[in-house]
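Structural overview
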Amino acid sequence: KRSEALLLKYPNSKQILKMLVDLYFKSFLPEKAVNTIRELRRIKKISTEEAINYLKEALDLYPRTIDIAFYLAQIYIEQASYSDSIQCLEEICFQNENIDNDIVKVLQDILKKEPVQFAALLMLNNIFYQRKEFNRSLEYAEIIIENNHINDELELRIRTVLQFDN
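The structure contained in this document is the topic of the report that follows. One numbering rule holds for all chains: residues counted from 1, following each sequence as written. The predicted origin of the model limits local features to residues at a pLDDT of at least 70 and limits the giving and counting of side-chain atom pairs to 80 or more, whereas totals for whole chains, interfaces and linings rest on all residues. Heavy atoms throughout the structure, all of them, feed into the side-chain values; hydrogens and water do not.

Things to note about the packing of helix α8 (residues 118–130) against helix α9 (residues 134–146)
One way to put it is that α8 packs onto α9 with a least axis distance of 7 Å and a crossing angle of 160°. In terms of their interaxial angle, α8 and α9 are classed as roughly antiparallel. Taken as a pair, α8 and α9 cross one another with a handedness that is left-handed. Seen from α8, the contacting residues are Phe118, Leu121, Leu122, Leu124, Asn125, Phe128 and Tyr129; seen from α9, they are Phe134, Arg136, Ser137, Tyr140, Ala141, Ile143 and Ile144. When its residues are assigned to classes, the contact of α8 with α9 shows 11 nonpolar, 2 polar and 1 charged. Only the stretch in contact is used when a helix axis is fitted, and all axes are lines through C-alpha atoms; the angle between N-to-C directions ranges over 0 to 180 degrees. In this description a helix means any DSSP run of H or I spanning at least four residues, a strand means any run of E spanning at least two, and both kinds are numbered starting from the N terminus. An angle below 35 degrees is treated as roughly parallel, one above 145 as roughly antiparallel, one from 65 to 115 as roughly perpendicular, and anything else as oblique. Helix crossings get a hand from a simple test, with the near helix turned counterclockwise from the far one by less than a right angle marking a left-handed crossing and a clockwise turn marking a right-handed one. Two residues form a contact once any of their heavy atoms are found within 4.5 Å. The classification used treats Ala, Val, Leu, Ile, Met, Phe, Trp, Tyr, Cys and Pro as nonpolar, Asp, Glu, Lys and Arg as charged, and all other residues, Gly among them, as polar.

Okay, structure coming up:
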């Protein structure tokens, strides 16, 4: 409460905002910490690299916190570090089955910027396959094949989908 009062008194203080981030993490309030990091970046009080470091530390402490992983993934997309972004998404995808739609949106954002990003295509193919949305799964499989990224697992999946289709 005191730190938040200080923040109201000195809203642009980098030191107070950083202190709040640490306090929120130590108080098991990762969502508030992420919002504070977001604010620090917005007012340009911390660099992107500092934000990434904070968020990586936070993911180590709170590996199941979706807000942290999504914000980190978004920063990586801004930096055109698509593989790092996808790695964040894969980790939370395997831990939280009910966030597919959010992950699909982020992956599609990646594909808007890099249309043949193999990991994003493969992840989307897998998500739609697991949902039994085989036509959508095949759409992504076709893009993968067109760009010569086919592997044994994908080939088997395509054969399975085609069997369902007939």
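Some words on the pattern of salt bridges
Basic side-chain nitrogens of Lys or Arg form a salt bridge, by our definition, when they fall within 4 Å of a carboxyl oxygen of Asp or Glu. With the rule as written, the count across this model stands at 4 salt bridges. In this structure, the salt-bridge partner of Asp109 is Lys105, at a minimum N-O distance of 3.5 Å. Highlighted residues: Asp109 and Lys105, both in helix α7 (residues 100–113), separated by 4 residues, approximately one helical turn. Judged by its relative accessible area of 52%, Lys105 falls in the exposed class. Taken together, the shared-partner salt bridges in this structure form one network comprising Lys105, Asp109 and Lys112. Type-normalised accessible area, obtained with a 1.4 Å probe on protein chains alone, sets the label of each residue: buried when under 20%, exposed when over 50%, and partly exposed for intermediate values.

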